[in-house]
Amino acid sequence: MKKNKLVGGEYNFDGLVGPTHNYAGLAIGNKASMKNKSQISHPQKAALEGLEKMKFLMEKGFKQAILPPHERPDLNFLKKLGFSGSAEMMLKSAWKLSPALLSACYSASGMWTANSAVVSPSADTQDRKVHFTPANLQSYLHRSLESAQTSRILKYIFSDSRYFVHHPPLPAHPVFSDEGAANHNRLCSTYLSPGVEIFVYGRQGFFSNNGKTKIFYPRQTKEASEMIAFHHKLLPEKTIVVQQNPEAIDAGVFHNDVICSTDQNLIFYHEKAFLDTESILQEIEQKISPTPLLKVSVQTQDISLNEVVSSYLFNSQLLPISKNKWILLSPKECQTTPSVRDYLYSLKDLIQKVCFIPVRQSMWNGGGPACLRLRVVLTEEEARAVHPGVLLHHKLYKKLKNWIQKHYRDRLAPEDLLDPLLITESQNALDELSGILQIKNIYPFQ
Ligand code: SUG
């Protein structure tokens, strides 16, 4: 089968779900994660669901690539904490201290690559290079363990300094709390033309401001968003930093990509997405001008905030099919939420069709289709400089499917995390994957 031709445009880098995918209830404010704590997980099914989503996009002609899973359990982290002895002993001691600590070291949360980094395309930056800032994800321990590996893998895949600039993650302090592209939108006339970048925060970092939420503590800070816009050399007149609606955060909208989605010049959003949605839209319209801003807005009377969260409607992927026409790739849960299903079937004009995709294993941890991917806009020349081993094509799809079926367990219960065999199995799997993706020495165990 012929490999995808390298052309400029938007590439989706999906996180391949790792062999230790489990439900540990670690993400407070994320209702699915809280609800499914200690459920049996199905790592093989999770990885296959993610891979089928990638295949779906590839077959529709979208540019699809892969980010490999992280090494889990993170034994080096346990060593840093002072645990020692055999791997089995370390697992047991960590579990004894706190089962949550052990599950944090085992979390496969690196799969949600929308949180891995903020990426600014060269069309937006003043030095005309693509800028990457891996997220520090400091809000939760299990996610904070991702940033070092994310930095390593992004530097490996985008290694050519003529095109790519890699910033270190922001300092891992609550003032600079950063959750990556899940709180970052881009609007433009075409992917490769200059765009407007929109950063969405939940609170201000200084003076322990909680952004006026009453239940959940917001993750992203204004200071983190502003710092990234500055590092990425974005033009202030093409950058917007806005606050998410605290009411939405309290309803379980822990990232902006659970309530708003953009593609090219289309914004698909709930009226309660932002603190002052109307004035934000005016600012976007002014900054994107002369390109017209196309809006699809959803009202609370049609879909409540609770239904936004349970269905993950806005975590659908907007797939452009022709000028001003899109397909929506939605999680299956949208089909089973009556108000959302009715709304989707009433859509016409801009969003022409809806396809439902099962990513249930990820959804149970609060991660929908859009959470599983990092968007990277590349010119043709930049695309040629990307490590080719991670670009998806049919042959690679088949190899990955076999690899998942060979190495992944069918089920994992919380107590299975004490099984030292899971360490060897995961390391063997990642070692073989490095060969498949032609990536050398990116894992600490190698
Ligand atoms: O950070 N869930 C992730 C889900 C991330 C979704 N990403 C986007 N919206 N872009 C989170 O809340 C749950 C892990 C657990 O409980 O085992 C978790 O981390």
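Residues numbered from 1 in each chain as written. Predicted model: local features only at pLDDT ≥ 70, side-chain atom pairs only at ≥ 80, totals over all residues. Heavy atoms only, no water.

**Q** I'd like a description of unusual backbone geometry, backed by residues and values.
**A** In this chain, R72 is followed by P73 through a cis amide linkage whose omega measures 5 degrees. Structurally, the position occupied by P73 is in the loop between β2 (63-67) and α3 (75-80). In this structure, P290 follows S289 across a cis peptide bond, with omega equal to 10 degrees. If you trace the backbone, P290 turns up in the loop between α10 (277-288) and β11 (294-298). The residue Y312 is not glycine, and still its phi comes out positive at about 60 degrees. (Helix = DSSP H or I, 4+ residues; strand = E, 2+ residues; numbered from the N terminus.)

**Q** Describe the nonpolar core, naming the residues involved and giving the relevant values.
**A** Membership of the largest hydrophobic core comes to 100 residues, with the highest contact counts inside it found for F13, F158, F268, L313, L344 and L400. The leading source of residues in this core is helix α2 (residues 43-59), at six residues. Setting aside anything within four residues of it in sequence, one finds L400 in contact with L16, L51, I66, L392, L433 and I436. Counting 16 residues, the second largest nonpolar core, distinct from the first, contains L75, F83, L91 and I423. (Core = buried A, V, L, I, M, F, W, Y, C linked by side-chain atoms within 4.5 Å. Buried < 20%, exposed > 50% of the residue type's maximum accessible area, 1.4 Å probe, protein only. Contact = heavy atoms within 4.5 Å.)

**Q** If you had to explain the pairing of β11 to someone new, which residues and values would you point to?
**A** Here β11 shows a buried face lined by L294, V296 and V298 and an unburied face lined by K295 and S297. When strand β10 (residues 266-270) meets β11, the two strands line up parallel, connected through five bridges. Note on β11: the bridge partner recorded for Y269 is S297. Each parallel crossover has a hand, and the one from β10 via α10 to β11 is right-handed. (Pairing = 2+ DSSP bridges. Right-handed = clockwise from strand over helix to strand, strands pointing away.)

**Q** Break down the sheet that holds strand β12 (residues 317-322) for me, with residues and values.
**A** Taken in spatial order, the three strands line up as β12-β13-β14 in an open sheet, and their pairing is mixed. Of all strands in the sheet, those with a lone pairing partner are β12 and β14 (351-357), marking the two edges. The average angle at which neighbouring strand axes cross in this sheet is 25 degrees, direction not considered. Lying over the sheet, α2 contacts β12, β13 (325-331) and β14, oriented at roughly 15 degrees with respect to β12. (Axes fitted to C-alpha atoms, helices over the stretch in contact; angles between N-to-C directions.)

**Q** So what about the side chain of Q220? Which residues, and what values?
**A** For Q220, the position within the fold is in the loop between β7 (196-201) and α8 (222-231). Within the local environment of Q220, its side chain forms a polar contact with the side chain of S225, the two groups lying 3.3 Å apart. Discounting chain neighbours no more than four positions away, the residues touching Q220 are S177, D178, E179, G180, N183, V200, Y201, G202, R203 and S225. (Polar contact = N/O pair within 3.5 Å; in protein donor to acceptor, adjacent residues only side chain to side chain.)

Just geometry here; none of it tells us what the structure is for.
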